[in-house]
Structures are given as structure tokens and as C-alpha cells.
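# A structural walkthrough
The chain contents come next:
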Amino acid sequence: QVQLVESGGGLVQAGGSLRLSCAASGSLFRMTSMGWYRQTPGNPREWVATITSGGNTNYAEAVKGRFTISRDGNKNTVYLQMNNLKSDDTAAYYCNAAGYLGLISNIRPYWGQGTQVTVSS
């Protein structure tokens, strides 16, 4: 069973920083792209950032220049460094990975359980 476990959320003042981590369990689990999404109550889940297996990154306009996504392939871990946080960044943040066990034809999306980020103004 593969699990994505997030950590690093919390309460921070506007202008502050937080670093989220997401670790995938299972030594035989392989991931291609990994990313972060966020969601506020009553709203659909919103894409934040993605990093490919080759290290290419993409960001939503709302976070570009403030957030940095990175990954440690050896540890099957993805990070989201969030700087200059704003109250609009308050949300539950979810880790996402396109991964597989065994054959790449088994690839499918995996989700973490979410970690809350609250930015006070």
C-alpha cells in the first residue's frame, strides 16, 4: 500500500514562511510528476505547483515568485517552500503524485491526506 504523508503545515503571520514536505512510503514505488494543490471550504481543489521527474517546475500565477517546489528522488519526497505568505494562501494543502508499482502502465494519481496552512494578517 502506497501512502503520501504530508507535514509542515501550521499557523504563520503574513509575510512569514513555511515548508511543507510530502513523503511517499514504499521502496518499490516510483513517481513521475509530483505536485501540490490547495483547497478552501466550499471551493474546488486548486493546483499550486508541479515538478517533473526531470526537475522541471511550474507554478500557479498566484504563488509564482513566492513558492518553490523541489524533490528528493532518493527519498521519494517533495517539498514546497512558501515565502512571503499572504492570508489568501490559507488553505488545506494536498500532495499529489503520479506514481506506479512495477510497470509504468500501472501509473495513477495518489493523494496525501492534507495539511492545514493558516496565515494570519
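In case you missed it, the structure is sitting above this.
The structure displayed is predicted, hence computed values, not measured ones.

## Observations concerning the pairing of strand 5 (residues 46-51)
- Here strand 4 (residues 29-39) runs beside strand 5; their pairing, made up of 5 bridges, is antiparallel. Residue pairing for strand 5: Arg-38 is matched across the bridge by Glu-46.
- Counting the residues in the hairpin turn of strand 4 and strand 5 gives 6 residues, including Gly-42, whose phi is positive at 85 degrees.
- The sheet contact formed by strand 5 and strand 6 (residues 57-59) spans 3 bridges and is antiparallel. Note on strand 6: the bridge partner recorded for Ala-49 is Tyr-59.
- Two successive antiparallel strands, strand 5 and strand 6, enclose a turn made up of 5 residues, where Gly-55 displays a positive phi of approximately 95 degrees.

## Description of unusual backbone geometry
- Of note in the backbone geometry, Asn-84 takes a positive phi value of approximately 50 degrees without being a glycine.
- Looking at the element boundaries, Asn-84 is found in the loop between strand 8 (77-82) and strand 9 (91-101).

Definitions and cut-offs
Residues numbered from 1 in each chain as written. Predicted model: local features only at pLDDT ≥ 70, side-chain atom pairs only at ≥ 80, totals over all residues. Heavy atoms only, no water. Pairing = 2+ DSSP bridges. Helix = DSSP H or I, 4+ residues; strand = E, 2+ residues; numbered from the N terminus.

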